[in-house]
Amino acid sequence: MADRRLHSEDHFQRLPTSWRACMEIISVQQLHGLLRFDRRQTETTVWPLAILALRSLFHRLALPREHRECKGSTLDKRWVNSTFHRHAGLFQKSVKHKKRHEIVQFAASCLNEEPPQDHCTLVDIGSGQGNLARALGLGFGYQVCCLEQNESFVQTARRKDAELGQKLTKRDPALRDTLVMPVHLHERVNLEQIDPQGFVQMLNRALNSSSKDEFQFGLIGLHPCGDLAPSLLRLFLACRECRFVKLVCCCYMKLSCLALPDQHAANNYGFPLSEFCRSSGLLLSYQAREIACHAIEQYSCKLQEDYEELKVHAYRAAIECIIVRLKPELKHSGLRGGIKAAEVSFEEYSRRAVEGMDISIPSEELHSYETQRRLERWEDVVKFYTLRLMFAPLVETLILYDRLLFLHERGCNARIDVMFDPVESPRNHAITAFK
């Protein structure tokens, strides 16, 4: 959507004169230097001083993104002795590489907590098909309760649990009496009006826990989308029995936000959460929150290697301009992704990109002078987009610090860690809190 704004409002021409002059003479391949501010580097491009100052400032203020493996003697011993480690091939079957990396690192983070959280039930709201729960339960012995509103996902998760359990016990019969199967519930939790007592009672019923037992649980989430993450933080604070929360969040552009800087507005907005940020009048536009969700490391690699593929930005920008003109109500609807622009014509890309949307783009729109002029400027789109992407880590840092402050204001012991390799999984920061 930012690409559409570049074309419709011609933001490239609004850049400072020195920036525009620099951008007009450099190649697309040189742009990757703007996105590498995590460490010192030898400059091969003469950038305007203001751009260098901004990059240095972002380096100082933004959260680090480089990943370091969890280490420790206790972790190493528990990992090596785990069912997950001894039968890794069975757990990895039919799980994509990115998801494998996320599951391994999330599990390692859980195992590495002090004190250990073995006695706590882990509750995963919005658990999908249960890949994380399967690893934590069958692989590491955690009791996991999953809540998912999509019934087909619940059925799939139960089937995959049973299949994996059978394969594990066939390979190692000694596991038959020790495997801990996840519990999957087809439930939609009302997180707008949280009922702590009712929520805990539901968990107790699902897990057959005695009311006499000291029931404790922790909330976990692997990429809860939009407002789900703030709602889980509120649930964590509302339930006395909830002792900790660990979330890796995503989809910031879907957060509900205050329209005006009024800290006394409705409490259930997704951003800002903290009293500090509300009283400061902190606001972030849709465009700012959307750019914070992009894969900066992956994009930097494409600038050097597959830059022709980045024509996709001009393709998407041109299509979105047409859509907004023909059907303004479809703004921010989202085009279909995963189409390689370098391998298809613009007309074919357009047809596939709007599949599932209530619109058909006329051929004359695709071949109009205005559209073709936009496509010819694809390198300008990439250059402007790269400049915007420089700001992404700082915007994400603002959102995550707001959540951290929200927890600190309520007396929680909270922190932010880098959990994933950003090349593998760009939304790689975990918020962990205890009370």
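Going by the structure above, here's the rest.
The residue numbering used here restarts from 1 in each chain and proceeds along that chain's sequence as written. Thresholds applied to this predicted model are a pLDDT of at least 70 for local features of residues and 80 or more for the giving and counting of side-chain atom pairs; totals over whole chains, interfaces and linings are not thresholded and use all residues. Just so you know, side-chain values use all the structure's heavy atoms and leave hydrogens and water out.

Draft legend 1. Here's a closer look at the packing of aromatic side chains. Note on aromatic contacts: the rings of Phe and Tyr and the six-membered ring of Trp form a pair at centre separations within 6.5 Å, being stacked when their planes are under 30 degrees apart, edge-to-face when over 60 apart, and tilted otherwise. In total, this model carries eleven aromatic pairs according to the counting rule given. Between Phe-244 and Phe-434 the ring centres are 5.7 Å apart and the planes differ by 25 degrees, which places this aromatic pair in the stacked class. Of this pair, Phe-244 sits in strand 5 (residues 242-250) while Phe-434 sits in strand 7 (residues 429-434), and the two are 190 residues apart along the sequence. Just as Phe-244 is buried, Phe-434 falls in that class too. Ring pairs connect the aromatic residues Trp-79, Phe-84, Phe-91 and Phe-140, which therefore count as one cluster. Above the face of the Phe-236 ring, Lys-435 is positioned so that its terminal group lies 4.8 Å from the ring centre. Elements are defined by DSSP. Helices are runs of H or I of four residues or more, strands are runs of E of two residues or more, and each kind is numbered from the N terminus. Between buried and exposed lies partly exposed: a residue is buried under 20% and exposed over 50% of the maximum accessible area for its type, with that area taken using a 1.4 Å probe on protein chains only. In this analysis the charged atom, NZ for Lys or CZ for Arg, is taken to sit over a ring once it is within 6 Å of the ring centre and within 35 degrees of the ring normal.

Draft legend 2. Examining the pairing of strand 5 more closely. Most of strand 5 is tucked away: eight of the nine residues are buried. Alignment of strand 4 (residues 217-225) against strand 5, held across seven bridges, turns out to be parallel. Pairing of Leu-222 across the sheet is with Val-248, part of strand 5. In this region the chain leaves strand 4, passes through helix 11 (residues 228-238) and returns to the parallel neighbour strand 5; the handedness of that crossover is right-handed. Note: strand 5 against strand 7, five bridges, orientation antiparallel. Looking at the pairing, Val-248 lines up with Ala-430 of strand 7. Should DSSP find at least two bridges between two strands, the strands are regarded as paired. Note on handedness: a crossover is taken as right-handed if, strands pointing away from the viewer, the path from the first strand over the helix to the second is clockwise.

Draft legend 3. Structural detail: the pattern of salt bridges. What makes a salt bridge here is a side-chain nitrogen of Lys or Arg within 4 Å of a carboxyl oxygen of Asp or Glu, nothing more. Counted by the stated rule, this structure contains 19 salt bridges. Between Arg-65 and Glu-396 there is a salt bridge whose closest N-O contact spans 3.4 Å. Taken together, the residues Arg-65 in the loop between helix 3 (49-61) and helix 4 (73-80) and Glu-396 in helix 20 (residues 392-409) connect sequence positions 331 residues apart. In terms of burial, Arg-65 and Glu-396 fall into one category: buried.

Draft legend 4. Spotlight on the sheet that holds strand 6 (residues 413-418). With mixed pairing, the seven strands of this open sheet are ordered in space as 3-2-1-4-5-7-6. Both edges of this open sheet fall to strand 3 (183-186) and strand 6, since each of them pairs with a single strand only. When the angles between neighbouring strand axes are averaged without regard to direction, this sheet yields 15 degrees. Every residue pair with non-hydrogen atoms within 4.5 Å of one another is taken to be in contact. Axes here refer to lines fitted to C-alpha atoms; in helices the fit is confined to the stretch in contact. Angles between the N-to-C directions go from 0 to 180 degrees. Where helix 9 (residues 151-171) meets the sheet, its contacts fall on strand 2 (144-148) and strand 3, and the angle it forms with strand 3 comes to roughly 165 degrees.

Draft legend 5. Structural context of the nonpolar core. Here the nonpolar core consists of buried residues drawn from Ala, Val, Leu, Ile, Met, Phe, Trp, Tyr and Cys, with membership extended through side-chain atoms lying within 4.5 Å. One finds Leu-147, Phe-199, Phe-217 and Leu-219 to be the most contacted residues of the largest nonpolar core, which totals 46 residues. In terms of residue count, helix 20 provides more of this core than any other element does, six residues in total. Setting aside its immediate chain neighbours within four residues, Leu-147 contacts Val-123, Asp-124, Ile-125, Gly-126, Ser-127, Leu-185, Glu-187, Val-189, Phe-199, Met-202 and Leu-203. Formed by 34 residues, the second largest nonpolar core is a distinct cluster that contains Phe-84, Ala-107, Ala-135 and Leu-179.

Draft legend 6. Spotlight on unusual backbone geometry. Put simply, Phe-271 and Pro-272 share a cis peptide bond, and its omega is -10 degrees. Here Ser-94, not a glycine, exhibits a phi torsion of approximately 65 degrees, which is positive. In this structure, Ser-94 sits in the loop between helix 6 (88-92) and helix 7 (97-111). Here Ser-94 falls in the exposed class, since its relative accessible area comes to 69%. Positioned with a positive phi, His-223 is a non-glycine residue whose angle comes to about 65 degrees. When you line up the elements, His-223 lands in strand 4.

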